[in-house]
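Architecture at a glance
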Amino acid sequence: MRFILAFLILIAPVSTYAEDRFITLASTTSTQNSGLYDYLLPIFTAKTGIGVRVISVGTGQAIRIAQNGDADVLLVHHRPSEDAFLAQGYGIERRDVMYNDFVIIGPKDDPAKLAGITRASDGLKAIYDAQTLFISRGDESGTHKRERALWADTGIVPTGDWYREIGAGMGAALNMAASVEAYTLSDRGTWLSFGNKGDLALLLSGDDALFNPYGIILVNPAKYPHVKIDMARTFSDWMVSAEGQTAIGAFTLKKVQLFCPNANPKLNLKTICPTSVP
Amino acid sequence: MSGLKLTNLSYSVDGTELLHDISFTQASVGISAILGPNGAGKSLLLSLIHGVIKPNMGRVTWDGILADKTKLSRGFVFQTPIVLRRSVRANLAYPLKINGQHSETAIKAMLELSHLTPLAKQPAASLSGGEAQRMAIARALITKPEVLLLDEPCSNLDPASTKLIEAMIGQFVAKGGSVFISTHDLAQAKRLADTVLFINAGQLLEHTAARDFFDGPETPQAQAYLNGDL
Amino acid sequence: MTILGQAAELVVSADAELIGIVGLSLRVSLTATLIASLLAIPLGAALAIWQFPFRQILIVISTSLMALPPVVVGLIIYLLLSRVGPLGHYGILFTPTAMIIAQSVLIFPIVLALTREAILPLNRDYKNLLDAWDVSPVQRLKTLIWDARFAVVTGLLAGFGRALAEVGAVIIVGGNIAGFTRVMTTTIALETSKGNLQLALALGIILLSIAVLINAVIHWIGSFGSKYQVTR
């Protein structure tokens, strides 16, 4: 009995951490891993007193979490999936929030000779022609879906030993690319914040086809009455407000701006975006 | 009807009859020795007399009541002492504790009786064979039973340990307790026993005063046993 | 050396976020161990002591559960706790409570099996004596569990170790929310995915240190308990 009592005392603090004023945000690893939320959310919480709990998973899984009613708000980057989510009645009030771009990463010595190529689909074709290793996320994330769309543009069906679907997150894909000297498609934010670059380098970027917009969607309270729609809407409103947009634009990593706010074109915030982002 | 009565007692396991049709009565007084060669059924008979095992044929009663209903008024000491993984003292306290009792005086008295006072705080597992057996007897006596059943308590013990244990038995009997003891040590049986129960191959062959048994056993099996031929 | 240095630096700096992460790991895993033990120890002891209907089936099921990958446990708990799941209206998905539930399920079969193994030989030793005294079932459970306490605690710590080390279940049902459901293993997974291998490894070394500590305690308890074991 004494053991049990000692145990109970030890674990007592467990029951004290529930805060009521919070929302759950289902989002992507690209936004989380870059450190954007660590920068952004404290500003929002300080202003409104609303805590934001972020679940960072692939876009596909994030949408599924929201579809199950396990999140209050969704911030992802795959427009067709977002539109389907809205069309099925799971979400309401989609807004553009920000964008950055995808980039093709590969070994510094660039065996497929991507340097000088400007079109993403031409780059992938070069990789295919050289039959150099390519790491695909293979996890139904926004990045994976974009990658497949880019392959579709080339008319190539990527299969074979050189094409490796790993079913893992962006970081895992970059880790693997670094260790086996392979190419991969990454979002710029994750690439810039990635700490294990090894002999990898950014080899292709700037194509309009690599445009990577993020949208914010509220989970439909008509579908799930338990969602905290008021607080979620407060968050969404703030994200697209001048204050939120300015904060997004001000977020930098290693002095590089990672996301371009685009909720309100009238603010013409695009002008503060770095030239690296189209 | 006072004392122990066995009526047509048989016991079999998986179709093998280990005890066959045993009947006798025994006033609960003094020391009864159960003698017989290995495998005769001595331990089993003791367990049935105690009540910890129920017969599958016949009955065992104490003062007219079935033995298994009154087993708490009898103490049982197993051939290999069962040592609880606790201190010596906690071993002695255990039988009181399970009945929601506690008595420092009883524990102290039993530690004295078994000459284990200096070892009270030791893990019981650290005791020697003789010490462990003394502890087991003291533990059986602490609930103040009327009858004590001992299954070869001194097998594998040196004479000094045997002497201490016999002294404990003697004290118990002097205070009016009765004892059933199975043993292979004929000298011990001669020293202690008032009555002898001789069993062989599951059958009770003799039930007689100890002196008569050792002076002139009636059955050829008992004669052979005493001569060391069985 | 730099990694060891970084690990030491992390520990010495006692960074509030790190303390929070380690603290949450310990609290979640300890709570899960406690909950699993409250159920598994008596049941494991009962399985060792008595024959009863479905006993064999229970043993087979619990032994099989030991082989269950944490990620499967996580998935099952996720499906149960999701808003569209049967327990969805409690709204405990992505909370430490959900992590505790998942880890309890993971630990339960381990504690059950190790308790049963600890009690089996003890019950063989004690059975005749306890029968002779007509010891009640509840008393019998208490006696055997108490006297096997060193082995039982060893099983408990083994379960705790498994809980503390697993990542598959807590990342699914906890969501790895910073400052709320982020524990050591999920932090390691996250930092690895961010390519911060040094930081991940430093955290791994802290986890390893805790594991070493647990095993030292198991060893110490074992040697202490052996004094009470009959070796004759």
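The notes below deal with the structure included here. For clarity, every value in this text was computed on a predicted model and none was experimentally measured. (Residues numbered from 1 in each chain as written. Chains lettered and ligands numbered in written order. Predicted model: local features only at pLDDT ≥ 70, side-chain atom pairs only at ≥ 80, totals over all residues.)

Observations concerning the packing of helix α4 (residues 70–81) of chain C against helix α5 (residues 96–132) of chain C
All names here are of chain C. Closest axis-to-axis distance for the α4/α5 pair is 9 Å, and the angle between their directions is 135 degrees. Relative to α5, α4 is oriented oblique. Note on packing geometry: the crossing formed by α4 with α5 is right-handed. Residue-level inspection shows P70, V73, G74, I77 and L81 of α4 in contact with α5, the latter providing A98, I101, A102, V105 and L106. Grouping the amino acids of the contact of α4 with α5 by side-chain chemistry returns nine nonpolar, one polar and no charged. (Axes fitted to C-alpha atoms, helices over the stretch in contact; angles between N-to-C directions. Helix = DSSP H or I, 4+ residues; strand = E, 2+ residues; numbered from the N terminus. Parallel < 35°, antiparallel > 145°, perpendicular 65-115°, else oblique. Left-handed = near helix turned anticlockwise from the far one by under 90°. Contact = placed C-beta atoms within 7 Å. Nonpolar A, V, L, I, M, F, W, Y, C, P; charged D, E, K, R; others polar.)

Overview of the interface of chain A and chain C
With 24 residues of chain A at the contact, the number on the chain C side is 21 residues. Elements that contribute at least two residues to the side of chain A that touches chain C include exactly α1 (2–11), β2 (51–57) and α8 (170–180) of chain A. With four residues, α8 of chain A is the single largest residue contributor to the side of chain A that touches chain C.

Describing the pairing of strand β7 (residues 183–187) of chain A
Residue and element names in this part refer to chain A. Counted residue by residue, β7 has five buried out of five residues, so it is predominantly covered. Where burial is concerned, the two faces of β7 agree: the one with Y183, L185 and D187 and the one with T184 and S186 are both buried. Relative to β7, strand β4 (residues 91–107) runs antiparallel, the two being bridged by four bridges. Bridge pairing links V103 to S186 in β7. Note: strand β5 (residues 134–136) against β7, two bridges, orientation parallel. Bridge assignment links F134 to a residue of β7, and that residue is Y183. (Buried ≥ 20, exposed ≤ 12 C-beta atoms within 10 Å, placed from the backbone. Pairing = 2+ DSSP bridges.)

Describing the arrangement of the chains
Inter-chain contacts occur across two pairs of chains; the most extensive set of contacts lies between chains A and C. Considering only C-alpha positions, the minimal separation of the non-contacting chain A and chain B is 16 Å.

Notes on the sheet that holds strand β1 (residues 4–13) of chain B
Residues and elements named next belong to chain B. Taken together, four strands build an open sheet; the order of strands is β2-β1-β4-β5 and the sheet is antiparallel. Of all strands in the sheet, those bounded by a partner on one side alone are β2 (16–26) and β5 (65–66). Across two bridges, the pairing between strand β4 (residues 57–62) and β5 is antiparallel. Residue W62 lies in a different strand from β5, and its bridge partner there is I65. Packing against the sheet, helix α1 (residues 42–50) makes contact with β1, β2 and β4, and its axis sits at approximately 125 degrees to β1.

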